[in-house]
Amino acid sequence: MAEGRMTDSGQTRRVSRLTVVVTATDGIRVLSPAGEIDYATGDKLRDALDVTGTARPRIVVDMRQVTFMDSVGVNLLIAAYRAVTQADGWIRIAAPSEAVLRVLQIVGADDLIACRPTLREALAFRSLSRFRPGCHLPD
């Protein structure tokens, strides 16, 4: 009779590679994702971006700790942009890394969603009329 034993199949449970901290500053929801935004982790960001039942939502996504973002992240940001603007609000991106900015530029999302080099600058503008879309980062 064979003795029963467990073997390691090489598949280990994957630890989440994304955290999203949600805070508020002057009534603006600030999302601070850290890690990788992709198919396996996108639900965390999707949940944090949800504006269901929020009147005139204002969101800044501080991207400085995002190390990787694929099309899932881009699609989440665009979907959030649509939902937020439909609710008469706005969304901005702060401090994207070069890699994240490049992804946004390739698909043209930087022409849709306003972004700034720092969280402070993204929070500073109160009037959307003075804040045009695009990533306005220093060279």
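Every residue gets a number counted from 1 within its own chain, in the order that chain's sequence is written. Totals for whole chains, interfaces and linings use all residues, but because this is a predicted model, local features are given only for residues with pLDDT of at least 70 and pairs of side-chain atoms are given and counted only at 80 or more. In computing side-chain properties, one takes all heavy atoms of the structure into account and sets aside hydrogens as well as water.

## So, the packing of helix 1 (residues 42-49) against helix 2 (residues 71-86)
In step 1: Note on definitions: angles span 0 to 180 degrees between N-to-C directions of axes, and those axes are lines fitted to C-alpha atoms, for helices only across the stretch in contact. Helix numbers and strand numbers start at the N terminus; a helix is a DSSP run of H or I with at least 4 residues, a strand a run of E with at least 2. At a minimum axis distance of 10 Å, the contact between helix 1 and helix 2 shows a crossing angle of 10 degrees. Classified by the interaxial angle, the pair formed by helix 1 and helix 2 is roughly parallel. Where helix 1 approaches helix 2, its residues Gly42, Leu45, Arg46 and Leu49 are matched on the opposing element by Val72, Leu76, Leu77 and Ala80.
In step 2: All residues other than Ala, Val, Leu, Ile, Met, Phe, Trp, Tyr, Cys, Pro, Asp, Glu, Lys and Arg, Gly among them, are scored as polar; the first ten of these are nonpolar and the last four charged. Considering only residue class, the contact of helix 1 with helix 2 consists of six nonpolar, one polar and one charged. In these notes the angle categories are as follows: under 35 degrees is roughly parallel, over 145 is roughly antiparallel, 65 to 115 is roughly perpendicular, and the rest is oblique. Contact between two residues is taken to exist if any of their heavy atoms lie within 4.5 Å; hydrogens are not considered.

## So, helix 1
In step 1: Summary of the burial criterion: residues with accessible area below 20% of their type's maximum are buried, those above 50% are exposed, and those between are partly exposed, where the area comes from a 1.4 Å probe applied to protein chains only. Regarding helix 1, the residues found buried are Gly42, Leu45, Ala48 and Leu49. Around the axis of helix 1, the buried residues are gathered within 130 degrees of arc, so they sit on the same side. Opposite the buried face of helix 1, at more than 90 degrees from it, the exposed residues are Asp43 and Asp47.
In step 2: In this fold, the buried residues of helix 1 make contact with strand 1 (18-25), strand 2 (28-37), strand 3 (58-62), helix 2 and strand 5 (90-94). Along the arc lie the directions from the helix axis toward the C-beta atoms.

## A word on helix 2
In step 1: In a helix, the anticipated span is given by 1.5 Å times the number of residues less one. The first and last C-alpha atoms of helix 2 sit 22 Å apart over 16 residues, in line with the 22 Å expected at 1.5 Å per residue.
In step 2: Taken together, the buried residues of helix 2 touch strand 2, helix 1, strand 3, strand 4 (65-69), strand 5 and helix 3 (98-107).
In step 3: Between a side-chain oxygen at the N-terminus of helix 2 and the backbone nitrogen of valine 72 the separation is 2.9 Å; the capping residue is aspartate 70.
In step 4: Following helix 2 by one or two positions, aspartate 88 has its phi on the positive side, about 65 degrees. Whenever two N or O atoms come within 3.5 Å, that pair is a polar contact, provided that in protein one can donate a hydrogen and the other can accept it, and provided that, for residues adjacent in sequence, both atoms are side-chain atoms.

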